[in-house]
Every structure is written in C-alpha cells, then in structure tokens.
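What follows is the residue order along each chain.
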Amino acid sequence: MAQAREPGDRRRADFHSHSLLSDGVASPRAMWEGAEALAHRALALTDHLSLEDPAPLLDRLRREARALEGGGIVPIVGVELTRLPPRRIATVARAARRAGAEIVIVHGETLMEPVPPGTNRAALESGAVDVLAHPGLLAPGDAALARANSVALEISGRRVHSLTNGHVVREALRAGAELVVDSDAHAVDQLIPLEMARKIALGAGVPPTRLERVLVTAPDRLVRRIRGP
Ligand SMILES: [Zn+2]
Ligand SMILES: [Zn+2]
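From a predicted model like this one, the values you see are computed outputs, not experimental measurements.

A. Structural detail: the environment of Thr-91. Tracing the chain through its elements places Thr-91 in helix H3 (residues 89–98). Along the backbone, Thr-91 and Ala-128 are 37 residues apart, and their C-alpha atoms lie at a distance of 8.7 Å.

Structure, rendered in structure tokens:
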C-alpha cells in the first residue's frame, strides 16, 4: 500500500526545526518532547548558523539531546546555514560537523526570505550538506546535482516557504532526487504529524505511488546515515 499507515506508528522524521537557541520560541527539550507526543521517530533541531563559531550552539544542543537519548524519539542535532556568502557554505558546513552537527541543512533560495543567489548551487556542490531547505525556484540542473550528491530536497511545511513546493517536487521527480517533508517549526504547535505531512506532499504534487518513499523510505535512509543502522 502506497499510503502511509497509522499516524501513531513512529514513522515520521523531520529534519528541520528551531528552538530558542536561534529564533524559535521553545526549548530544544520541549521541541523534542512535542515531536515525541506527535509520534515522531526523529526530529532534528537545526538552529540558524551563519559565520559565528558553531561550538556554543552545538555544545548546548548536544547536551540537551543527551538527556533524551534512549527515550521514544531520536533527538538529532544540527544547524541550518543561513545567509552565508555561497563560497563559505562548504567550509562552514564542515566546521559545523567538526563541532558536532549530525545534520547540516542550508536555508535555500526561498522567495520570501531571500538569500544570496548561488546559495542552492553551493549547498548542492559542497559535499557536506544533507538537506537543501525550501530551495525556491530550483534552477535547471540543480535537482540532478541533488541526486548525484545525495542531498535531499525539502518540501516545506512552513507557509512562507511553501509557495514553490510544486516546482521543487516536479524538478525532483524529473531528476530522481530524494524529497523530504519538513516542518521548519519554530514552536511546538508548528510540528507536523505524519498525516499532515502526507497531505502536504500530495498537495505539492507527489504522486500517491511515491508517498511512501518521500514520507518514510528517504527519511529512514537519512536517519541511518546520521545514526548508523
Ligand atoms: Zn530557512
Ligand atoms: Zn528554518
């Protein structure tokens, strides 16, 4: 069956969210516990990082995550690289990994909170980025690059960034790139349960036959890449 199963079966993984360590309103712990209550399997906290030292943010996130290890949710620690000069993205992504980021995502070229042109391409070419968040009007060739370099393209559940979801899905399907549905939640009540993620994916043009791959298979593979089998 292509349709995702019961919403309570801990299959939902979300790779993009924020806590009060950047511009979110809830503590990391409250975000993770909120995701656990929504039957998520995993939630990545990816607070914004630009050119500052990544260590203070990541030390704090790792400490908070350690307190939840072994519980009902996999607490993934990461960053969203935001408003960097594109030529710095690869270096900062690697620095964030050295400082303990398990996942690195990049704030892509969304229509509403623009970043320098070339951000998408630099993220896709960096070799150190897992997810290109809200890529906006992905250019020709970018989805193929995402596929070649194993970067997942994001279907955004955040209203301001969701305007180009249809375009992103079309390009990803054409190129065979992986897609994930992320909440980009800045508060606990913005987290997205599996059933809503399914509707957002369908609304963005993911065919029903592809839903399982977008909602479960690709996220599972990413969790395994981060945490091991
Ligand atoms: Zn963003
Ligand atoms: Zn974000």
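B. View of unusual backbone geometry. Of note, the phi angle at Arg-83 is positive, near 60 degrees, even though the residue is not glycine. The exposure class of Arg-83 is partly exposed, given its relative accessible area of 48%. Phi is positive for Asp-184, close to 55 degrees, though the residue is something other than glycine. Considering the arrangement of structural elements, one finds Asp-184 in the loop between strand S7 (179–182) and helix H7 (194–203).

C. Region of interest: the sheet that holds strand S4 (residues 103–107). One open sheet holds the 7 strands; their spatial order is S1-S2-S3-S4-S5-S6-S7, and the pairing between them is parallel. Looking at strand neighbours, the two that pair on one side only are strand S1 (12–14) and S7, the edges of this open sheet. Each adjacent strand pair in this sheet contributes to an overall mean axis angle of 30 degrees, direction not counted. Alignment of S4 against strand S5 (residues 131–133), held across 3 bridges, turns out to be parallel. Its bridge partner being in S5, Ile-105 is matched across the sheet by Val-131. Of the strands in this sheet, strand S6 (152–156) and S7 are in contact with helix H6 (residues 165–175), which crosses S6 at around 150 degrees.

D. Region of the structure containing the coordination of the zinc ion (ligand 1). Coordination of the zinc ion (ligand 1) by the protein involves Glu-80 (OE), His-107 (ND1) and His-134 (NE2), with metal-donor separations of 2.0 to 2.2 Å. Linear spacing of the donor residues for the zinc ion (ligand 1) on their chain is E-x26-H-x26-H. For Glu-80, a relative accessible area of 0% corresponds to the buried category.

E. Fine view of the coordination of the zinc ion (ligand 2). Listed as protein donors to the zinc ion (ligand 2) are His-16 (NE2), His-18 (NE2), Glu-80 (OE) and Asp-184 (OD); their distances from the metal cover 2.1 to 2.3 Å. The sequence motif formed by the donor residues of the zinc ion (ligand 2) is H-x1-H-x61-E-x103-D. Taken as an interatomic distance, the gap from the zinc ion (ligand 2) to the zinc ion (ligand 1) is 3.2 Å; Glu-80 donates to each of them. On the criterion of sequence distance, the pair formed by His-18 in the loop between S1 and helix H1 (28–37) and Asp-184 in the loop between S7 and H7 is long-range, its members being 166 residues apart.

F. Representation of H7 in the model. Among the residues making up H7, those that are buried are Leu-194, Ala-197, Arg-198, Ile-200 and Ala-201. The arc enclosing the buried residues of H7, seen along the axis, measures out at 165 degrees, which places them on a common side. Elements that come into contact with the buried residues of H7 comprise S1, S6, H6, S7 and helix H8 (211–227). Positive phi shows up at Gly-205, right after H7, with a value of about 105 degrees.

G. Quick peek at the packing of H1 against helix H2 (residues 55–66). At their nearest, the axes of H1 and H2 sit 9 Å apart, and the two run at 45 degrees to each other. In terms of axis orientation, H1 runs oblique to H2. Seen along the crossing, H1 lies across H2 with a hand that is right-handed. Two secondary-structure elements touch here, H1 through Pro-28, Arg-29 and Trp-32 and H2 through Leu-61, Glu-64 and Ala-65.

Cut-offs applied
- Residues numbered from 1 in each chain as written.
- Chains lettered and ligands numbered in written order.
- Predicted model: local features only at pLDDT ≥ 70, side-chain atom pairs only at ≥ 80, totals over all residues.
- Heavy atoms only, no water.
- Helix = DSSP H or I, 4+ residues; strand = E, 2+ residues; numbered from the N terminus.
- Buried < 20%, exposed > 50% of the residue type's maximum accessible area, 1.4 Å probe, protein only.
- Pairing = 2+ DSSP bridges.
- Axes fitted to C-alpha atoms, helices over the stretch in contact; angles between N-to-C directions.
- Contact = heavy atoms within 4.5 Å.
- Donors = N, O, S within 2.8 Å, 3.2 Å for Na, K, Ca; no water.
- Arc of directions from axis to C-beta.
- Parallel < 35°, antiparallel > 145°, perpendicular 65-115°, else oblique.
- Left-handed = near helix turned anticlockwise from the far one by under 90°.

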